[in-house]
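# Coordinate inspection notes
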Amino acid sequence: MNETMKLIEQLTTIPSPSGHTNRIIRFIENYLDQLGYTYKRNHKGGLMITVKGLETSEQRFVTAHVDTLGAMVRAIKPDGRLKLDLVGGFRYNAIEGEYCTIETTNGQTYSGTILMHQTSVHVYKDAGTAPRNQDNMEVRIDEKVRTAAETAALGIRVGDFVTFDPRTEITQSGFIKSRHLDDKVSVALLLEALKDLKESNETLPYTTHFLISNNEEIGYGGNSNISDKVVEYLAVDMGAIGDDQQSDEYTASICVKDGSGPYHYGLRKHLTALAEQYQIPYQLDIYPYYGSDASAAMRAGADVKHGLIGAGIEASHAYERTHQESILATKQLIHAYLMSEMSQ
C-alpha cells in the first residue's frame, strides 16, 4: 500500500479547486503517458481514458473527480485583507485558522491565513460567538499591506483562486489525514487500476471509459461525454462518516441512496455480491446530504444503471482522514467490478 499512499499524498499537494484544475490534469496526463495510454480532454477540462474490452456493444463508465473545495477572492477590504467566496459545499468554520495560497491571474502566489476578523480575544468580546460567515472571515496576507491599494499592487484581483494547505500526513498506524482526500483517494485508485491493467495484460470484459472529472464539487463533473453504449455508470467517491452512518475508515462503502434518491438496485446488489464473493470488507450506507457525479448524470438524463462506492472518509469537507484498510478494500472492489459481468 505504500505506493498507493504516496500517490494520494502527491495528488493532495497539487492545488485543484473546481474551476482551476489544469495543473493536476497535466500531472495525470504525464502519469498516463508513462503507462502508454491515450486520452482526451473534454471541453470542461476533464480527462477521458477509454480501455477497449472484449465486448464493445455494451460498455461501462467509471469516474472519480480531481476537483476540490476552494475559494475565490470576493473583494479586497479597506485594510488590505481579502473577503472570500466559497467554491464547493462547505462551511467557513471548516477553514478557520487554515493556511492558504492566493494565486493571481499571472501566476504569482502569496501565502496567507484564513481568520475571523474578530480573532483576538484581547480586543473583541464576541471572538468566540461571532458568526463564521463571509462578512467576518478574511484572509490575512503575508505581505506588508495595510490598504486595498497596496494589496491590489501585488496583482491580486477579484476572482483570483485561494487554495487551502492540505497538511497531508501518513501515520505509522496506517492513516492518511489531509484536506481533499475527497476525492483524490479515488483518483489515485483509478490511476492504479489503469496501471495494474497494463502490467497484468488483463483484458476487460467490456470497453470501459475512465473519466477524471473536474467539476463534481459544483455539481456537473461527469454528466456529459457518456456514450449511448454505456450501460453502467460507477462513481468512485467517498463514504461519509458520522452519526447514523455505517461507513467507517476500514471498509469500502457502497451507497444505496444519497440526496438525489436511491442508486440502481441491481447494480448495488451486484457490488455487494462481489464484495462478499471476494471477502472484501464493506458497508452499505445512505448519505442524506450528498450528491455524486453519478447522481448528476441521472439528473442530466443519462439512461444508465448508476452506482457509487468509495473509501470511508472521516470529517468530510474539513480536515479529512481515512485508513489504508479502507483504501485497500475499495481498490479490491474496483478491480472485482471491472472484471465482472454486467449487473442484472
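See the structure printed just above.
I will try to describe carefully the structure that is included in this document.

## Considering the packing of helix α4 (residues 181-200) against helix α7 (residues 324-338)
- Orientation of α4 relative to α7, taken along the N-to-C sense of each, is 50°, at an axis distance of 10 Å. With respect to α7, the axis of α4 lies oblique. Handedness of the α4/α7 crossing: right-handed. Touching V185, L189, L190, E192, A193 and D196 of α4 are I327, T330, K331, I334 and L338, all from α7.
- Considered class by class, the residues forming the contact of α4 with α7 number seven nonpolar, one polar and three charged.

## Thoughts on the pairing of strand β11 (residues 175-178)
- By the bridge criterion, two bridges tie strand β10 (residues 169-170) to β11 in an arrangement that is antiparallel. The residue bridging E169 from the neighbouring strand is K177, located in β11.
- Sheet topology note: the β11/strand β18 (residues 320-323) ladder contains four bridges and is antiparallel. Note that in β18 the partner of F175 across the bridge is H323.

## Regarding the layout of surface pockets
- Here the largest pocket defines a volume of roughly 650 Å³.
- Around the largest pocket, the lining comprises 27 residues; the ones closest to its centre are M238, Y289, Y290, S316 and H317.
- Elements with a contribution of two residues or more to the lining of the largest pocket: β13 (230-240) and α6 (293-299).
- Looking at side-chain class alone, the lining of the largest pocket contains eleven nonpolar, nine polar and seven charged residues.
- The computed volume of the second largest pocket comes to approximately 270 Å³.
- Along the walls of the second largest pocket sit 19 residues, with I14, P15, R23, E103 and T163 positioned nearest its centre.
- Those elements that place two or more of their residues in the lining of the second largest pocket are α2 (22-35), β6 (99-103) and β9 (161-164).

## A few points about the packing of aromatic side chains
- Within this structure, the stated rule accounts for four aromatic pairs.
- Judged by centre distance (6.2 Å) and plane angle (70°), the rings of F175 and Y250 are edge-to-face. Taken together, the residues span a long stretch of sequence, with F175 in strand β11 and Y250 in the loop between β13 and β14 (252-258) at a distance of 75 residues.
- Classification of F175 by relative accessible area gives buried; the value is 13%.

Rules used in this analysis
Residues numbered from 1 in each chain as written. Predicted model: local features only at pLDDT ≥ 70, side-chain atom pairs only at ≥ 80, totals over all residues. Heavy atoms only, no water. Axes fitted to C-alpha atoms, helices over the stretch in contact; angles between N-to-C directions. Helix = DSSP H or I, 4+ residues; strand = E, 2+ residues; numbered from the N terminus. Parallel < 35°, antiparallel > 145°, perpendicular 65-115°, else oblique. Left-handed = near helix turned anticlockwise from the far one by under 90°. Contact = heavy atoms within 4.5 Å. Nonpolar A, V, L, I, M, F, W, Y, C, P; charged D, E, K, R; others polar. Pairing = 2+ DSSP bridges. 1 Å grid on protein atoms, 1.4 Å probe; cavity = no way out; pocket = protein on both sides within 12 Å on 5 of 7 lines; lining within 4 Å. Points joined across faces, edges and corners; volume = space filled by probe spheres on them. Phe/Tyr/Trp six-rings, centres within 6.5 Å; stacked < 30°, edge-to-face > 60°. Buried < 20%, exposed > 50% of the residue type's maximum accessible area, 1.4 Å probe, protein only.

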